[in-house]
Amino acid sequence: MKLRETLCNISYGMYIVCSRNGSGTDTRCNGQIVNTVVQVSAEPPSLAVSIHKRNLTHEYLMASRVMTVTVLNKDATLAFMGPWGFKSGRDVDKFRGVRTLMGRTGVPVVLDYGISYFEAEIVGTMDAFTHTIFLARIVEAEPIAPGEPLTYLCYHELKKGKTPMNAATFIRAETPVATAPPQPAPVHSAAGAAPLKETTAMKKYTCKLCGYVYDPAQGDPDNGVKPGTAFEQVPDTWVCPICGADKTEFEPES
C-alpha cells in the first residue's frame, strides 16, 4: 500500500495555533505549528483543528476552550518556524522576541510572518486516535499584512522543512534494506607520474533532533552560510534552522 505517496497529495496550509491554560493572574500561553486547519462551515463560520494529545497546546485548548490561528506567509523562515514545531512550551518561551497582539479571547495572536488571523471558541471535540479534533466557532478574523499563504508543499519542497513526529501528517518512512556501498574504482596514474589523489564529496549532515539535513551544496543562505560550504567549515555559532540545535547534534550521513 503506497500510503505515504498517496497522502502527500492532500493539500495543507501552515498555521500557528495558540491557546492559554485558563484564566486568572497565573495564566500562561503556548502555541505550535499546525498544518491541519480547515474551515468546516459558513453559518456560523467555524474551523476544525487537529492537535496531538501529548502537546502542551492540547492541554491549554482543553482548559480554556479558546484559540487563535495565524495564517503564515510563504516568506516565513525555517529559523522562525522551528521553535513552534520542534520545541515544547514546557521547556522554552516560544513568544520571546515575537511580535504578538492580545486577542479578545485572551490568547495572543502571532503577528510575525502572518497574513491574517482568526480567534475562535471551541464548541466540540472529537477523538482522533493520537489527536483531538477541535471544532471552533470563529469570533474574530482580521488581516495582518499582504502576502501569499505558505503551503505545506512549499514548506517541504522549497524550504526543505521536516514534519514533527506529533504532527497529524507525520508518517514513518519505511526502513530501507541495507546494501553494501559500491566500491570506488581504483585510481591509476601514468607511468612515472605521482599517484593521483582521490577526491571525496562533502558529506551531508543530519540533525538528530528534528531530521533537518544540511546539504553543503545548498548551504544555509538564510543564516549566512553560502552554498558550497562544508559542514566542518560552518561557524560553531550556527544552529539548526529548524529546531535550534547546535552543531554537536548533527551526524554525517553514512
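Numbering of residues starts from 1 in each chain and follows the order in which that chain's sequence is written. Per-residue local features are limited, in this predicted model, to residues with pLDDT of at least 70; the limit for side-chain atom pairs, both in listing and counting, is 80 or more; totals at the level of whole chains, interfaces and linings are taken over all residues. Calculated side-chain values reflect all of the structure's heavy atoms, with hydrogen atoms and water omitted.

A closer look at the packing of aromatic side chains
- Note on aromatic pairs: the rings of Phe, Tyr and Trp (six-membered ring only in Trp) are paired at centre separations within 6.5 Å, and the planes decide the class, stacked below 30 degrees, edge-to-face beyond 60, tilted for the rest. Tallying each qualifying case throughout the model produces eleven aromatic pairs.
- Ring geometry for Y214 against W238: centres 5.6 Å apart, planes inclined by 70°, an arrangement best described as edge-to-face. In this pair, Y214 sits in strand β11 (residues 213-214) while W238 sits in the loop between β11 and β12 (250-252), placing the two residues 24 residues apart along the sequence.
- Throughout, exposure labels follow a simple rule: accessible area from a 1.4 Å probe, protein chains only, divided by the maximum for the residue type, with under 20% read as buried, over 50% as exposed, and the rest as partly exposed. For Y214, a relative accessible area of 0% puts it in the buried group.
- Connected via pairs of aromatic rings, a cluster forms that spans Y205, Y212, Y214, F231, W238 and F250.
- Counted as over-ring charges are cases with an Arg CZ or a Lys NZ within 6 Å of the ring centre that also lie within 35 degrees of the ring normal. Lying across the ring of F231, K247 places its NZ or CZ 4.9 Å from the centre. Note on conventions: DSSP H or I runs of at least 4 residues are helices, E runs of at least 2 residues are strands, and numbering of each starts at the N terminus.

Focus on helix α2 (residues 56-64)
- Every buried residue of α2 is accounted for by L56, T57, H58, Y60, L61 and S64.
- By definition, residues are in contact when any of their heavy atoms lie within 4.5 Å. Considering only its buried residues, α2 is in contact with β1 (15-20), β2 (29-34), β4 (45-52), β5 (66-72), β8 (114-128) and β9 (131-143).

Considerations on the side chain of T36
- Take T36: it is sitting in the loop between β2 and β3 (37-42).
- The exposure class assigned to T36 is buried, which follows from its relative accessible area of 17%.
- Other than its neighbours up to four places away in sequence, T36 contacts Y12, A48, V49, S50, A168 and T169.

Regarding the pattern of salt bridges
- Salt bridges are identified by distance alone: a Lys or Arg side-chain nitrogen within 4 Å of an Asp or Glu carboxyl oxygen. By the definition in use, this model includes eight salt bridges.
- The closest approach of N and O atoms between D127 and K53, which form a salt bridge, is 2.4 Å. Of this pair, D127 sits in strand β8 while K53 sits in the loop between β4 and α2, placing them 74 residues apart in sequence.
- Judged by relative accessible area, K53 falls into the partly exposed class, the value being 33%.

So, the sheet that holds β11
- Note on pairing: two strands pair once DSSP finds at least 2 bridges between them. Taking strand neighbours across the sheet as the criterion, the three strands line up as β11-β10-β12 in an open arrangement whose pairing is antiparallel. Each edge of the sheet is formed by a strand with only one pairing partner; in this case those strands are β11 and β12.
- Pairing analysis gives two bridges linking strand β10 (residues 205-207) to β11, with the strands arranged antiparallel. Its bridge partner being in β11, T206 is matched across the sheet by V213.

Notes on the environment of T57
- Its location among the elements puts T57 in helix α2.
- Expressed as a C-alpha distance, the spacing of T57 and R90, which sit 33 residues apart in the sequence, is 10.0 Å.
- Dropping the residues within four chain positions of it, T57 is found in contact with V17, N30, G31 and Q32.

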